[in-house]
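A closer look at the structure
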Amino acid sequence: MSPQRLFLLVLLLYIAWRLLKNLIRDQITQKAKDLRQKESEQAEGATVQDTLVEDPVCHTLIPQHQAIRLRHNGKNYYFCSDSCCDQFTGTPGGKE
Ligand SMILES: [Zn+2]
């Protein structure tokens, strides 16, 4: 085997090793991220689970953590959907 081929082989092995290491690291960080997200979702769900808010446009009651929040004139408004939110902001004097 010529020294050149040996060098190439080592280089290939090195690249493969680097790729593998990155792959493993990415998977681990992704898992940690997923876990953290799940935990924060659970914590959020536990604290606001029972709070129902009323959509000022269609008057539907929605759990607060599922609603679309809009801050308007220093007050929080909650909507069941983007279209209700748009309707609310698109209406002049939409607040009560
Ligand atoms: Zn609505």
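Keep in mind that this is a model prediction, so the values were computed, not measured.

What counts and what doesn't
- Residues numbered from 1 in each chain as written.
- Predicted model: local features only at pLDDT ≥ 70, side-chain atom pairs only at ≥ 80, totals over all residues.
- Heavy atoms only, no water.
- Helix = DSSP H or I, 4+ residues; strand = E, 2+ residues; numbered from the N terminus.
- Buried < 20%, exposed > 50% of the residue type's maximum accessible area, 1.4 Å probe, protein only.
- Lys, Arg positive; Asp, Glu negative; His and termini not counted.
- Salt bridge = Lys/Arg side-chain N within 4 Å of Asp/Glu carboxyl O.
- Polar contact = N/O pair within 3.5 Å; in protein donor to acceptor, adjacent residues only side chain to side chain.
- Donors = N, O, S within 2.8 Å, 3.2 Å for Na, K, Ca; no water.
- Tetrahedral: all angles 85-135°; square planar, octahedral: opposite > 155°, others 65-115°.
- Core = buried A, V, L, I, M, F, W, Y, C linked by side-chain atoms within 4.5 Å.
- Contact = heavy atoms within 4.5 Å.

All right, on to the side chain of aspartate 55 then. Take aspartate 55: it is sitting in the loop between strand E1 (52-54) and strand E2 (61-63). No salt bridge is formed by the buried aspartate 55; its nearest oppositely charged neighbour, lysine 75, is found at 13 Å. At 3.3 Å, the side chain of aspartate 55 forms a polar contact with the backbone nitrogen of cysteine 58. In terms of polar contacts, aspartate 55 uses its side chain to reach the backbone amide nitrogen of cysteine 80, at 2.8 Å.

Coordination of the zinc ion by the protein comes from Asp55 (OD), Cys58 (SG), Cys80 (SG) and Cys84 (SG), over a distance range of 2.0 to 2.3 Å. Classification of the site at the zinc ion rests on its four donor atoms, whose angles at the metal span 97 to 119 degrees, yielding the label tetrahedral. Summarised as a motif, the one-chain spacing of the donors to the zinc ion is D-x2-C-x21-C-x3-C. With aspartate 55 in the loop between E1 and E2 and cysteine 80 in the loop between strand E4 (75-79) and helix H2 (82-90), the pair connects residues that are 25 residues apart, well separated along the chain. Here aspartate 55 falls in the buried class, since its relative accessible area comes to 0%.

Glancing now at the nonpolar core. In terms of nonpolar packing, the biggest core is built from six residues, these being Leu70, Tyr77, Phe79, Cys84, Cys85 and Phe88. Counting only elements with at least two residues in this core, the list comes to E4 and H2. Filtering out sequence-adjacent residues up to four positions away, phenylalanine 79 remains in contact with Asp55, Pro56, Val57, Ile62, Ala67, Ile68, Leu70, Cys84, Cys85 and Phe88.

Function cannot be inferred from these measures alone, as they are strictly geometric.
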